[in-house]
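The chain contents come next:
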Amino acid sequence: MDITFCAHYQGNALPPTNRFCRTCPMAKTACDTLWSLVVALSQSNGGNAVRLPGTRAVMYSNSGNRDIVHLKINTKWGLPKEDFLHFIATGSAQMGRKGERLNKRASPSMTRQEPYVQAIVTALGGKYIPEITAVRRIQQDTPGYQG
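Undergrad: Help me understand the packing of helix α1 (residues 31–42) against helix α4 (residues 130–140) in this model?
TA: How two helices sit against one another is set out by the angle between their axes and by the gap between those axes. At a minimum axis distance of 8 Å, the contact between α1 and α4 shows a crossing angle of 140°. Relative to α4, α1 is oriented oblique. Handedness of the α1/α4 crossing: left-handed. Here α1 contributes Cys31, Thr33, Leu34 and Leu37 to the contact with α4, which in turn contributes Glu131, Ile132 and Val135. Of the residues belonging to the contact of α1 with α4, the class tally is 5 nonpolar, 1 polar and 1 charged.

Undergrad: Sorry if this is basic, but what is going on with the packing of aromatic side chains here?
TA: The way to describe two aromatic rings as a pair is by their centre distance and the angle between their planes. Counted according to the given criterion, the structure contains 4 aromatic pairs. The interplanar angle of 85° and the centroid separation of 6.0 Å between the aromatic rings of Tyr9 and Phe20 together place this pair among those described as edge-to-face. Taken together, the positions of Tyr9 in the segment before α1 and Phe20 in the segment before α1 put the pair 11 residues apart, joining distant regions of the chain. Aromatic ring contacts, followed pair by pair, group Phe5, Tyr9 and Phe20 into a single cluster. For Lys76, the ring lying beneath its charged end belongs to Tyr60, and the centroid distance is 4.6 Å.

Undergrad: Where do I start with α4 in this structure?
TA: Residues lying three or four places apart along an α-helix face the same way, a consequence of the helix completing one turn every 3.6 residues. Buried residues of α4: Ile132, Val135, Ile138 and Gln139, and no others. Axial view of α4: buried residues confined to an arc of 120°, hence all on one face. Seen from the open side of α4, the exposed residues pointing more than 90 degrees away from its buried face are Pro130 and Gln140. The elements touched by buried residues of α4 are α1, α2 (81–90) and α3 (116–124). Of the residues trailing α4, Asp141 is marked for its positive phi of about 55°.

Reading the values: the criteria
- Residues numbered from 1 in each chain as written.
- Predicted model: local features only at pLDDT ≥ 70, side-chain atom pairs only at ≥ 80, totals over all residues.
- Heavy atoms only, no water.
- Axes fitted to C-alpha atoms, helices over the stretch in contact; angles between N-to-C directions.
- Helix = DSSP H or I, 4+ residues; strand = E, 2+ residues; numbered from the N terminus.
- Parallel < 35°, antiparallel > 145°, perpendicular 65-115°, else oblique.
- Left-handed = near helix turned anticlockwise from the far one by under 90°.
- Contact = heavy atoms within 4.5 Å.
- Nonpolar A, V, L, I, M, F, W, Y, C, P; charged D, E, K, R; others polar.
- Phe/Tyr/Trp six-rings, centres within 6.5 Å; stacked < 30°, edge-to-face > 60°.
- Lys NZ or Arg CZ within 6 Å of the ring centre and 35° of its normal.
- Buried < 20%, exposed > 50% of the residue type's maximum accessible area, 1.4 Å probe, protein only.
- Arc of directions from axis to C-beta.

Given below as structure tokens:
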């Protein structure tokens, strides 16, 4: 995990700080809005699986925890909010191994979320939608976001 992916991240990549996006005080400014689009996409097929374009994966909502959506090919796994936001900042959400928590290409959960996160971005309208632009501004702590 690239611990510099967001100007507001506080932690060392180890649990529980790898899940900081869930409690970040800046999340409501833009990140929660983008994540709510991901959750809405996961719910868009009336409770049935949502196909992710260009992959064999499908996505499901998670009624027990809005900070995670589920993906499935042969088995079901979670895509946490922080993995998606890390991908938005870095363009990477790959698997990591024990001892590789500071591998900048690894996702915060250390699970491989590519190419599924790219497919979600595509399904949302692409990497230049206003919600993604706003998140990147927050992550970089640059002017231009509405706070």
